Amino acid sequence: MIEIQGFDVHTASASEWARYHRYRRVRDEESHPGEPQLGDADFEHSARRPMPFHDAWRFIALDGGELAGNLMLWARRPGTPGSEEFAPHVDVWLGVLRAHRRRGIASRLLQPLLSFMREHGKTLATMNTHLPEGHAFLVATGAVLKHRVVENRMQVDSLDRDMLARWKAQATEGPARSGLRWEVHAGRTPMERLASLMAPFSALFNDIPLGALELPPARYQLEGYADWYGELDRSGGEHFLVLLVDADDELAAMCEAQWDARFPDRLHQRLTGVARAWRGQSLAKGVKAAMLECVRMRHPALQTVVTYNAEVNAPILAINRQLGFAVHRQQGCYQLDVEALAACVGRRDGRR
Ligand SMILES: CC(C)(COP(=O)(O)OP(=O)(O)OC[C@H]1O[C@@H](n2cnc3c(N)ncnc32)[C@H](O)[C@@H]1OP(=O)(O)O)[C@@H](O)C(=O)NCCC(=O)NCCS
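Conventions we followed
Numbers given to residues run from 1 along each chain, matching the order in which its sequence is written. It should be noted that, the model being predicted, local features are given only for residues of pLDDT at least 70 and side-chain atom pairs only at 80 or more, the latter also being counted only at that level, while totals for whole chains, interfaces and linings use all residues. Where side-chain values are given, they derive from all heavy atoms of the structure, hydrogens and water being excluded. What makes two strands pair is DSSP finding at least two bridges between them. Elements are defined by DSSP. Helices are runs of H or I of four residues or more, strands are runs of E of two residues or more, and each kind is numbered from the N terminus. Structural elements are reduced to axes, namely lines fitted to C-alpha atoms, with helices fitted over the stretch in contact, and the angle between N-to-C directions of any two is expressed from 0 to 180 degrees. By definition, residues are in contact when any of their heavy atoms lie within 4.5 Å. Buried residues of nine kinds, namely Ala, Val, Leu, Ile, Met, Phe, Trp, Tyr and Cys, make up a nonpolar core once their side-chain atoms join them within 4.5 Å. Here's how the labels work: a residue is buried when its accessible area is under 20% of the maximum for its type, exposed when over 50%, partly exposed in between, all with a 1.4 Å probe on protein chains only. The split of the chain into domains comes from an automatic or database domain assignment. For any pair of parts, buried area is found by adding up, for both, the accessible area (1.4 Å probe) each one loses once the two are put together. When a carboxyl oxygen of Asp or Glu lies within 4 Å of a side-chain nitrogen of Lys or Arg, that pair is called a salt bridge. A 3.5 Å cut-off defines polar contacts: any pair of N or O atoms within that distance qualifies, except that in protein one atom must be a possible hydrogen donor and the other a possible acceptor, and neighbouring residues in sequence count only when both atoms are side-chain atoms. Residue classes follow a fixed rule: Ala, Val, Leu, Ile, Met, Phe, Trp, Tyr, Cys and Pro count as nonpolar, while Asp, Glu, Lys and Arg count as charged, and any other residue, Gly among them, counts as polar.

Trainee: Help me out: how do you make sense of the sheet that holds strand β5 (residues 124-129) in this one?
Mentor: Two modes of strand pairing occur in sheets, parallel and antiparallel, and in both the strands are linked by backbone hydrogen bonds. Reading across from one edge, β1-β2-β3-β4-β5-β12-β6-β11-β10-β9-β8-β7 is the order of the 12 strands in this open sheet, with mixed pairing throughout. Strand pairing shows two members of the sheet lacking a second neighbour, β1 (2-6) and β7 (181-187), which therefore form its edges. Shown here is a sheet whose adjacent strand axes are inclined to one another by a mean of 20 degrees, direction ignored. Of the pairings in the sheet, the one linking strand β10 (residues 266-274) to strand β11 (residues 304-310) comprises three bridges and is parallel in character. Paired with R266 across the strands is T304, a residue of β11. The strands touched by helix α7 (residues 191-205) within the sheet are β7, β8 (238-245), β9 (251-259) and β10, with β8 carrying the most contacts at an inclination of about 75 degrees.

Trainee: Looking at this structure, I do not really get the nonpolar core. What am I missing?
Mentor: General note: in soluble globular proteins, nonpolar side chains tend to be found buried as a group. Core analysis: the biggest nonpolar cluster contains 34 residues, and L244, L283, V305 and L323 have the highest contact counts within it. Mapped by element, the contributors of at least two residues to this core are α6 (161-170), β8, β9, β10, α9 (283-298) and α10 (314-323). Take this core: its biggest share by element is nine residues, from α9. If we skip the residues at most four places from it in the chain, L283 touches A171, R177, L180, L244, A252, A253, V274 and W278. One finds L73, L94, F116 and M117 within the second-largest nonpolar core, a separate group that totals 31 residues.

Trainee: Just to check I follow, could you spell out the domain arrangement of the protein chain for this structure?
Mentor: Frequently, the measure chosen for interface size is the accessible area removed from exposure when the parts meet. Per the domain assignment, the segments making up the protein chain are domain 1 (2-149 + 333-351) and domain 2 (160-323). Taken over C-alpha atoms, the centre of domain 1 sits 31 Å from the centre of domain 2. Contacts between the two partners involve 25 residues from domain 1 and, on the opposite side, 23 residues from domain 2. Here domain 1 packs against domain 2, burying approximately 2,100 Å² in sum over the two surfaces, 55% of which is carbon and sulfur. Our count for the contact surface shared by domain 1 and domain 2 stands at seven salt bridges. Between D42 and R262 there is a salt bridge, with the nearest N and O atoms lying 2.9 Å from each other. On the surface where domain 1 and domain 2 come into contact, there are 13 residue pairs in polar contact (both at pLDDT 80 or more). Top element by residues in the side of domain 1 that touches domain 2 is strand β6 (residues 144-155). It accounts for four residues. Here the side of domain 1 that touches domain 2 is composed, by residue class, of 11 nonpolar, seven polar and seven charged.

Listed below in C-alpha coordinates is the structure:
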(Lines give C-alpha, C1' and ligand atoms only; values in the text may rest on other atoms or scores of the structure.)
Protein backbone atom coordinates (compact mmCIF):
# COMPACT_ATOMS: atom_id res chain seq x y z
CA MET A 1 0.00 0.00 0.00
CA ILE A 2 2.12 2.88 -1.27
CA GLU A 3 0.61 6.34 -1.07
CA ILE A 4 2.20 9.56 -2.37
CA GLN A 5 1.29 12.90 -0.76
CA GLY A 6 2.49 16.50 -0.85
CA PHE A 7 4.22 17.67 2.34
CA ASP A 8 3.49 21.31 3.08
CA VAL A 9 6.11 22.68 5.48
CA HIS A 10 3.80 25.59 6.41
CA THR A 11 0.71 23.64 7.33
CA ALA A 12 2.12 20.28 8.57
CA SER A 13 0.91 19.46 12.10
CA ALA A 14 3.30 18.74 15.00
CA SER A 15 2.72 15.00 14.61
CA GLU A 16 3.34 15.14 10.84
CA TRP A 17 6.58 16.99 11.50
CA ALA A 18 7.57 14.47 14.19
CA ARG A 19 7.07 11.65 11.66
CA TYR A 20 9.07 13.56 9.07
CA HIS A 21 11.96 14.09 11.51
CA ARG A 22 12.04 10.41 12.47
CA TYR A 23 12.24 9.55 8.79
CA ARG A 24 14.92 12.06 7.77
CA ARG A 25 17.16 11.13 10.71
CA VAL A 26 17.22 7.47 9.65
CA ARG A 27 17.57 8.39 5.95
CA ASP A 28 20.44 10.79 6.63
CA GLU A 29 22.25 8.25 8.82
CA GLU A 30 21.88 5.62 6.09
CA SER A 31 23.29 7.90 3.39
CA HIS A 32 25.80 9.84 5.52
CA PRO A 33 26.75 7.62 8.46
CA GLY A 34 28.21 9.47 11.43
CA GLU A 35 27.62 12.94 9.98
CA PRO A 36 26.16 15.60 12.27
CA GLN A 37 22.47 16.37 11.65
CA LEU A 38 20.46 19.53 12.11
CA GLY A 39 18.20 19.73 15.17
CA ASP A 40 14.44 19.67 14.55
CA ALA A 41 13.90 23.41 15.12
CA ASP A 42 16.78 24.35 12.78
CA PHE A 43 15.56 21.91 10.15
CA GLU A 44 12.03 23.31 10.24
CA HIS A 45 13.30 26.87 10.15
CA SER A 46 15.39 26.14 7.08
CA ALA A 47 12.52 24.27 5.36
CA ARG A 48 10.05 27.10 6.01
CA ARG A 49 12.12 30.17 5.37
CA PRO A 50 11.65 31.82 1.98
CA MET A 51 14.72 31.44 -0.22
CA PRO A 52 15.80 34.52 -2.17
CA PHE A 53 15.81 32.95 -5.66
CA HIS A 54 14.19 29.50 -5.42
CA ASP A 55 10.97 27.79 -4.43
CA ALA A 56 10.84 24.24 -3.07
CA TRP A 57 8.22 21.47 -3.19
CA ARG A 58 8.19 18.32 -1.06
CA PHE A 59 6.42 15.00 -1.47
CA ILE A 60 6.41 11.95 0.79
CA ALA A 61 5.76 8.25 0.18
CA LEU A 62 3.88 6.27 2.79
CA ASP A 63 4.32 2.50 2.79
CA GLY A 64 1.59 0.88 4.87
CA GLY A 65 1.15 4.25 6.64
CA GLU A 66 4.86 4.55 7.47
CA LEU A 67 6.93 7.39 5.95
CA ALA A 68 9.32 5.50 3.68
CA GLY A 69 10.51 7.93 0.99
CA ASN A 70 10.62 11.56 -0.06
CA LEU A 71 11.04 13.76 -3.10
CA MET A 72 12.21 17.37 -3.09
CA LEU A 73 12.16 19.78 -5.99
CA TRP A 74 13.77 23.19 -6.28
CA ALA A 75 13.18 25.63 -9.11
CA ARG A 76 14.24 29.20 -9.78
CA ARG A 77 11.38 31.57 -8.96
CA PRO A 78 10.00 33.37 -12.03
CA GLY A 79 10.86 37.05 -11.93
CA THR A 80 14.18 36.61 -10.08
CA PRO A 81 17.32 37.68 -11.96
CA GLY A 82 18.23 35.11 -14.63
CA SER A 83 14.99 33.17 -14.15
CA GLU A 84 14.38 32.89 -17.93
CA GLU A 85 17.64 30.96 -18.37
CA PHE A 86 16.73 28.64 -15.50
CA ALA A 87 13.12 28.19 -16.66
CA PRO A 88 13.63 24.66 -18.15
CA HIS A 89 15.47 23.39 -15.07
CA VAL A 90 14.44 21.66 -11.87
CA ASP A 91 16.77 20.25 -9.19
CA VAL A 92 15.62 17.00 -7.66
CA TRP A 93 16.38 14.96 -4.55
CA LEU A 94 14.80 11.61 -3.97
CA GLY A 95 15.37 8.98 -1.27
CA VAL A 96 13.83 5.82 0.14
CA LEU A 97 14.59 4.11 3.48
CA ARG A 98 16.75 1.04 3.05
CA ALA A 99 14.13 -1.28 4.56
CA HIS A 100 11.61 -0.19 1.89
CA ARG A 101 13.77 -0.32 -1.25
CA ARG A 102 13.20 -2.27 -4.47
CA ARG A 103 9.43 -2.10 -3.99
CA GLY A 104 8.82 0.64 -6.54
CA ILE A 105 8.58 3.54 -4.05
CA ALA A 106 11.11 5.78 -5.82
CA SER A 107 9.41 4.91 -9.12
CA ARG A 108 6.10 6.11 -7.68
CA LEU A 109 7.77 9.35 -6.56
CA LEU A 110 8.70 9.98 -10.20
CA GLN A 111 5.00 10.61 -10.94
CA PRO A 112 4.75 13.91 -9.01
CA LEU A 113 8.07 14.89 -10.59
CA LEU A 114 6.64 14.32 -14.07
CA SER A 115 3.42 16.21 -13.23
CA PHE A 116 5.46 19.09 -11.80
CA MET A 117 7.69 19.29 -14.88
CA ARG A 118 4.72 19.30 -17.24
CA GLU A 119 2.78 21.83 -15.20
CA HIS A 120 5.75 24.22 -14.90
CA GLY A 121 7.18 23.76 -18.40
CA LYS A 122 10.38 22.10 -17.10
CA THR A 123 12.35 19.94 -19.53
CA LEU A 124 15.47 18.92 -17.61
CA ALA A 125 15.80 17.50 -14.08
CA THR A 126 19.22 17.51 -12.40
CA MET A 127 19.99 14.90 -9.70
CA ASN A 128 23.05 13.77 -7.73
CA THR A 129 24.01 10.58 -5.98
CA HIS A 130 27.08 9.15 -4.28
CA LEU A 131 25.69 5.64 -3.71
CA PRO A 132 25.78 2.60 -6.01
CA GLU A 133 22.00 2.05 -5.65
CA GLY A 134 21.43 5.72 -6.54
CA HIS A 135 23.49 5.30 -9.74
CA ALA A 136 21.61 2.10 -10.62
CA PHE A 137 18.22 3.74 -10.06
CA LEU A 138 19.08 6.87 -12.05
CA VAL A 139 20.52 4.91 -14.98
CA ALA A 140 17.35 2.79 -15.02
CA THR A 141 15.21 5.95 -15.30
CA GLY A 142 17.06 7.00 -18.47
CA ALA A 143 18.97 9.81 -16.74
CA VAL A 144 22.41 10.57 -18.21
CA LEU A 145 25.58 10.85 -16.12
CA LYS A 146 27.03 14.22 -17.15
CA HIS A 147 29.54 15.17 -14.48
CA ARG A 148 31.46 13.77 -11.54
CA VAL A 149 32.29 15.62 -8.33
CA VAL A 150 34.61 14.54 -5.52
CA GLU A 151 34.02 15.48 -1.92
CA ASN A 152 37.50 15.87 -0.46
CA ARG A 153 38.30 16.17 3.24
CA MET A 154 41.43 17.19 5.08
CA GLN A 155 42.42 16.77 8.73
CA VAL A 156 43.88 20.00 10.07
CA ASP A 157 46.33 18.15 12.37
CA SER A 158 48.11 16.75 9.34
CA LEU A 159 48.83 20.18 7.82
CA ASP A 160 52.43 21.04 7.00
CA ARG A 161 52.73 24.48 8.61
CA ASP A 162 56.08 25.32 7.01
CA MET A 163 54.63 24.59 3.59
CA LEU A 164 51.65 26.86 4.31
CA ALA A 165 53.92 29.71 5.42
CA ARG A 166 55.96 29.27 2.22
CA TRP A 167 52.85 29.23 0.02
CA LYS A 168 51.50 32.39 1.60
CA ALA A 169 54.81 34.26 1.34
CA GLN A 170 55.40 33.20 -2.30
CA ALA A 171 52.07 34.66 -3.41
CA THR A 172 53.32 38.24 -3.10
CA GLU A 173 57.06 37.69 -3.68
CA GLY A 174 59.05 38.73 -6.78
CA PRO A 175 58.69 41.70 -9.12
CA ALA A 176 55.75 40.24 -11.12
CA ARG A 177 53.66 39.96 -7.94
CA SER A 178 54.94 42.98 -6.03
CA GLY A 179 51.76 44.99 -6.71
CA LEU A 180 49.53 42.40 -5.07
CA ARG A 181 48.04 43.05 -1.65
CA TRP A 182 46.09 40.87 0.79
CA GLU A 183 42.54 41.64 1.80
CA VAL A 184 41.14 39.33 4.46
CA HIS A 185 37.62 39.38 5.92
CA ALA A 186 37.06 37.09 8.90
CA GLY A 187 33.43 36.65 9.95
CA ARG A 188 31.65 38.99 7.52
CA THR A 189 32.59 41.14 4.52
CA PRO A 190 30.99 44.58 4.29
CA MET A 191 28.10 44.60 1.79
CA GLU A 192 29.62 47.54 -0.14
CA ARG A 193 32.77 45.51 -0.70
CA LEU A 194 30.81 42.40 -1.69
CA ALA A 195 28.80 44.45 -4.20
CA SER A 196 31.99 45.15 -6.17
CA LEU A 197 32.94 41.45 -6.14
CA MET A 198 29.78 39.87 -7.57
CA ALA A 199 30.84 40.17 -11.24
CA PRO A 200 34.43 38.88 -10.76
CA PHE A 201 33.19 36.05 -8.49
CA SER A 202 30.65 34.99 -11.14
CA ALA A 203 33.35 35.01 -13.83
CA LEU A 204 35.64 32.85 -11.68
CA PHE A 205 32.86 30.45 -10.76
CA ASN A 206 31.87 30.01 -14.38
CA ASP A 207 35.42 28.85 -15.15
CA ILE A 208 34.84 25.71 -13.06
CA PRO A 209 34.54 22.71 -15.39
CA LEU A 210 31.02 21.24 -15.29
CA GLY A 211 31.52 18.28 -17.62
CA ALA A 212 28.54 17.82 -19.95
CA LEU A 213 26.00 19.31 -17.50
CA GLU A 214 23.57 21.61 -19.28
CA LEU A 215 23.20 24.54 -16.93
CA PRO A 216 22.95 28.30 -17.36
CA PRO A 217 25.90 30.34 -16.09
CA ALA A 218 25.91 30.94 -12.33
CA ARG A 219 25.38 34.47 -11.03
CA TYR A 220 26.68 35.65 -7.69
CA GLN A 221 24.20 38.11 -6.23
CA LEU A 222 24.36 40.48 -3.34
CA GLU A 223 20.87 39.51 -2.25
CA GLY A 224 22.15 35.93 -1.90
CA TYR A 225 24.88 37.11 0.49
CA ALA A 226 22.42 39.28 2.47
CA ASP A 227 20.15 36.26 2.88
CA TRP A 228 23.05 33.97 3.81
CA TYR A 229 24.39 36.50 6.35
CA GLY A 230 20.91 36.57 7.94
CA GLU A 231 21.17 32.80 8.40
CA LEU A 232 24.74 33.09 9.72
CA ASP A 233 23.53 35.69 12.26
CA ARG A 234 20.84 33.28 13.37
CA SER A 235 23.10 30.23 13.72
CA GLY A 236 26.32 31.94 14.79
CA GLY A 237 28.12 31.16 11.55
CA GLU A 238 30.98 32.98 9.84
CA HIS A 239 32.04 33.79 6.30
CA PHE A 240 35.76 33.89 5.59
CA LEU A 241 37.01 35.67 2.51
CA VAL A 242 40.65 35.97 1.46
CA LEU A 243 41.49 38.09 -1.57
CA LEU A 244 44.59 39.07 -3.49
CA VAL A 245 44.02 42.41 -5.18
CA ASP A 246 46.32 43.88 -7.85
CA ALA A 247 47.73 47.39 -8.17
CA ASP A 248 44.67 48.49 -10.20
CA ASP A 249 42.32 47.20 -7.45
CA GLU A 250 41.25 44.30 -9.67
CA LEU A 251 40.66 40.86 -8.16
CA ALA A 252 43.64 38.54 -8.80
CA ALA A 253 42.61 35.61 -6.56
CA MET A 254 39.95 34.66 -4.03
CA CYS A 255 39.16 31.94 -1.54
CA GLU A 256 36.01 31.76 0.56
CA ALA A 257 34.81 29.42 3.28
CA GLN A 258 31.96 28.95 5.72
CA TRP A 259 32.14 28.03 9.40
CA ASP A 260 29.07 26.98 11.41
CA ALA A 261 28.99 27.38 15.21
CA ARG A 262 26.72 24.30 15.42
CA PHE A 263 29.49 22.13 13.91
CA PRO A 264 32.59 24.03 15.09
CA ASP A 265 35.16 21.37 14.17
CA ARG A 266 34.44 21.81 10.43
CA LEU A 267 35.13 24.34 7.76
CA HIS A 268 33.37 24.24 4.41
CA GLN A 269 35.70 25.48 1.75
CA ARG A 270 33.77 27.26 -1.01
CA LEU A 271 35.15 28.78 -4.19
CA THR A 272 38.89 29.24 -4.77
CA GLY A 273 39.60 31.09 -8.00
CA VAL A 274 42.43 32.91 -9.75
CA ALA A 275 41.78 35.46 -12.51
CA ARG A 276 42.98 34.16 -15.88
CA ALA A 277 45.74 36.76 -16.18
CA TRP A 278 47.22 35.58 -12.87
CA ARG A 279 47.11 31.82 -13.33
CA GLY A 280 50.25 29.67 -13.11
CA GLN A 281 51.85 31.89 -10.43
CA SER A 282 50.90 29.92 -7.30
CA LEU A 283 48.28 32.42 -6.18
CA ALA A 284 45.72 29.66 -5.48
CA LYS A 285 48.14 28.06 -3.04
CA GLY A 286 48.68 31.47 -1.46
CA VAL A 287 44.99 32.22 -0.84
CA LYS A 288 44.31 28.71 0.44
CA ALA A 289 47.23 28.93 2.87
CA ALA A 290 46.10 32.38 4.05
CA MET A 291 42.56 31.10 4.52
CA LEU A 292 43.66 28.17 6.67
CA GLU A 293 45.89 30.40 8.78
CA CYS A 294 43.07 32.91 9.32
CA VAL A 295 40.40 30.34 10.26
CA ARG A 296 42.69 28.35 12.54
CA MET A 297 43.65 31.47 14.48
CA ARG A 298 39.99 32.30 15.05
CA HIS A 299 38.79 28.72 15.61
CA PRO A 300 41.56 26.61 17.19
CA ALA A 301 39.11 23.67 17.58
CA LEU A 302 38.91 23.26 13.80
CA GLN A 303 39.62 19.66 12.78
CA THR A 304 38.26 19.00 9.31
CA VAL A 305 38.03 20.97 6.08
CA VAL A 306 35.46 19.83 3.51
CA THR A 307 35.51 20.77 -0.16
CA TYR A 308 33.86 19.67 -3.41
CA ASN A 309 35.85 19.52 -6.64
CA ALA A 310 35.05 18.54 -10.20
CA GLU A 311 36.77 15.22 -10.91
CA VAL A 312 38.27 16.77 -14.06
CA ASN A 313 39.61 19.84 -12.26
CA ALA A 314 43.27 18.78 -12.21
CA PRO A 315 44.75 22.06 -10.88
CA ILE A 316 42.63 22.33 -7.72
CA LEU A 317 42.85 18.57 -7.09
CA ALA A 318 46.65 18.75 -7.23
CA ILE A 319 46.75 21.66 -4.76
CA ASN A 320 44.31 19.94 -2.42
CA ARG A 321 46.32 16.72 -2.54
CA GLN A 322 49.43 18.64 -1.44
CA LEU A 323 47.44 20.12 1.44
CA GLY A 324 46.50 16.60 2.58
CA PHE A 325 42.93 16.38 1.24
CA ALA A 326 41.72 12.84 0.49
CA VAL A 327 38.64 11.56 -1.29
CA HIS A 328 35.71 11.15 1.08
CA ARG A 329 32.91 10.50 -1.44
CA GLN A 330 32.40 10.57 -5.19
CA GLN A 331 29.23 12.00 -6.61
CA GLY A 332 27.63 11.54 -10.01
CA CYS A 333 25.54 14.39 -11.44
CA TYR A 334 22.76 13.21 -13.75
CA GLN A 335 20.25 14.98 -15.97
CA LEU A 336 16.90 13.49 -16.97
CA ASP A 337 14.94 14.77 -19.91
CA VAL A 338 11.16 15.14 -19.40
CA GLU A 339 10.42 12.81 -22.34
CA ALA A 340 12.73 10.10 -20.97
CA LEU A 341 11.04 10.55 -17.58
CA ALA A 342 7.58 10.20 -19.17
CA ALA A 343 8.71 7.00 -20.92
CA CYS A 344 10.09 5.60 -17.65
CA VAL A 345 6.91 6.43 -15.70
CA GLY A 346 4.85 4.84 -18.51
CA ARG A 347 6.98 1.65 -18.46
CA ARG A 348 6.69 1.31 -14.68
CA ASP A 349 2.95 2.08 -14.62
CA GLY A 350 2.51 -0.66 -17.23
CA ARG A 351 4.22 -3.17 -14.92
CA ARG A 352 1.94 -2.46 -11.93
C1 LIG B 1 17.85 5.38 -5.38
C2 LIG B 1 16.65 5.03 -4.48
C3 LIG B 1 15.84 6.31 -4.29
C4 LIG B 1 15.81 3.92 -5.16
O5 LIG B 1 14.66 3.68 -4.37
P6 LIG B 1 13.74 2.37 -4.59
O7 LIG B 1 12.41 2.67 -4.01
O8 LIG B 1 14.47 1.17 -4.09
O9 LIG B 1 13.63 2.30 -6.20
P10 LIG B 1 12.59 1.43 -7.07
O11 LIG B 1 12.15 0.25 -6.29
O12 LIG B 1 11.54 2.34 -7.57
O13 LIG B 1 13.56 0.97 -8.27
C14 LIG B 1 13.28 1.23 -9.62
C15 LIG B 1 14.38 0.62 -10.52
O16 LIG B 1 15.65 1.25 -10.25
C17 LIG B 1 16.71 0.25 -10.38
N18 LIG B 1 17.35 0.06 -9.05
C19 LIG B 1 16.97 0.62 -7.88
N20 LIG B 1 17.82 0.24 -6.88
C21 LIG B 1 18.71 -0.60 -7.43
C22 LIG B 1 19.84 -1.33 -6.91
N23 LIG B 1 20.18 -1.28 -5.60
N24 LIG B 1 20.57 -2.07 -7.78
C25 LIG B 1 20.25 -2.13 -9.09
N26 LIG B 1 19.18 -1.48 -9.64
C27 LIG B 1 18.43 -0.72 -8.82
C28 LIG B 1 16.03 -1.01 -10.83
O29 LIG B 1 15.99 -0.99 -12.25
C30 LIG B 1 14.61 -0.85 -10.26
O31 LIG B 1 13.65 -1.59 -10.92
P32 LIG B 1 13.43 -3.14 -10.49
O33 LIG B 1 13.32 -3.18 -8.99
O34 LIG B 1 12.14 -3.48 -11.18
O35 LIG B 1 14.62 -3.89 -11.00
C36 LIG B 1 17.16 4.51 -3.09
O37 LIG B 1 18.08 3.46 -3.30
C38 LIG B 1 17.84 5.56 -2.24
O39 LIG B 1 17.17 6.24 -1.47
N40 LIG B 1 19.18 5.75 -2.41
C41 LIG B 1 19.88 6.83 -1.68
C42 LIG B 1 19.50 8.21 -2.23
C43 LIG B 1 19.94 8.41 -3.69
O44 LIG B 1 21.03 8.03 -4.10
N45 LIG B 1 19.08 9.06 -4.48
C46 LIG B 1 19.41 9.30 -5.87
C47 LIG B 1 18.40 10.01 -6.64
S48 LIG B 1 18.34 11.74 -6.35
